Amino acid sequence: MSEINESETSTHDLLNQATEWLQYARGLTELLAELVHESDAVDCNRMAMGLEAISALTRLGVRCTAEAHARMTWERAGRA
């Protein structure tokens, strides 16, 4: 997993990173759901940490997607 370096990252790379972050979020969501289904009691603190992690991963994916969209818009505007 790499952090976004906007000056060196291509639009294609940003979209790949977004996909990666969102896949991590999906996997963690599935894991938490499975744990809740199989558990007799839910540890609220751990569940909250897991949900916060999903939020952070999703935020990164959305950020990458937004940056890629902005770059494509600028590229199109430059061609017009």
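For the structure, see preceding data.
Residues numbered from 1 in each chain as written. Predicted model: local features only at pLDDT ≥ 70, side-chain atom pairs only at ≥ 80, totals over all residues. Heavy atoms only, no water.

A. Focus on the side chain of Thr9. The residue Thr9 is located in the segment before helix 1 (11–38) in this model. Residue contacts for Thr9: discarding those within four places in its chain leaves Leu14, Gln17 and Arg71. (Helix = DSSP H or I, 4+ residues; strand = E, 2+ residues; numbered from the N terminus. Contact = heavy atoms within 4.5 Å.)

B. Summary view of helix 1. Helix length check: helix 1 (28 residues) gives 41 Å between terminal C-alpha atoms against 40 Å at 1.5 Å per residue, within 8%. Within helix 1, burial applies to Thr11, Leu14, Gln17, Ala18, Trp21, Ala25 and Leu32. Packed against the buried residues of helix 1 are helix 2 (44–79). (Expected span 1.5 Å × (residues − 1). Buried < 20%, exposed > 50% of the residue type's maximum accessible area, 1.4 Å probe, protein only.)

C. Fine view of the layout of surface pockets. Taken as a whole, the largest pocket spans an internal volume of roughly 190 Å³. As for the largest pocket, its lining consists of Leu28, Leu31, Leu32, Leu35, Val36, Ser39, Ala41, Val42, Asp43, Arg46, Met47 and Gly50. At the level of secondary structure, the elements contributing two or more residues to the lining of the largest pocket comprise helix 1 and helix 2. (1 Å grid on protein atoms, 1.4 Å probe; cavity = no way out; pocket = protein on both sides within 12 Å on 5 of 7 lines; lining within 4 Å. Points joined across faces, edges and corners; volume = space filled by probe spheres on them.)

D. Inspection of the nonpolar core at higher detail. Judged by nonpolar contacts, Leu14, Ala18, Trp21, Ala25, Leu32, Met47, Ile54, Leu57, Cys64 and Ala68 together constitute the single largest core of 10 residues. Taken together, the elements giving at least two residues each to this core come down to helix 1 and helix 2. Contact partners of Ile54, with chain neighbours within four places excluded, come to Ala25, Leu28, Thr29 and Leu32. (Core = buried A, V, L, I, M, F, W, Y, C linked by side-chain atoms within 4.5 Å.)

E. Local environment of the pattern of salt bridges. All chains considered together, the criterion is met by 3 salt bridges. Asp43 serves as the salt-bridge partner of Arg46, at 3.8 Å between the closest nitrogen and oxygen. With its nearest N and O atoms 3.0 Å apart, the salt bridge here joins Arg71 to Glu67. One end of the pair, Arg71, and the other, Glu67, are both in helix 2, 4 residues apart, so they sit about a helical turn from each other. You can call Glu67 partly exposed: its relative accessible area is 22%. (Salt bridge = Lys/Arg side-chain N within 4 Å of Asp/Glu carboxyl O.)

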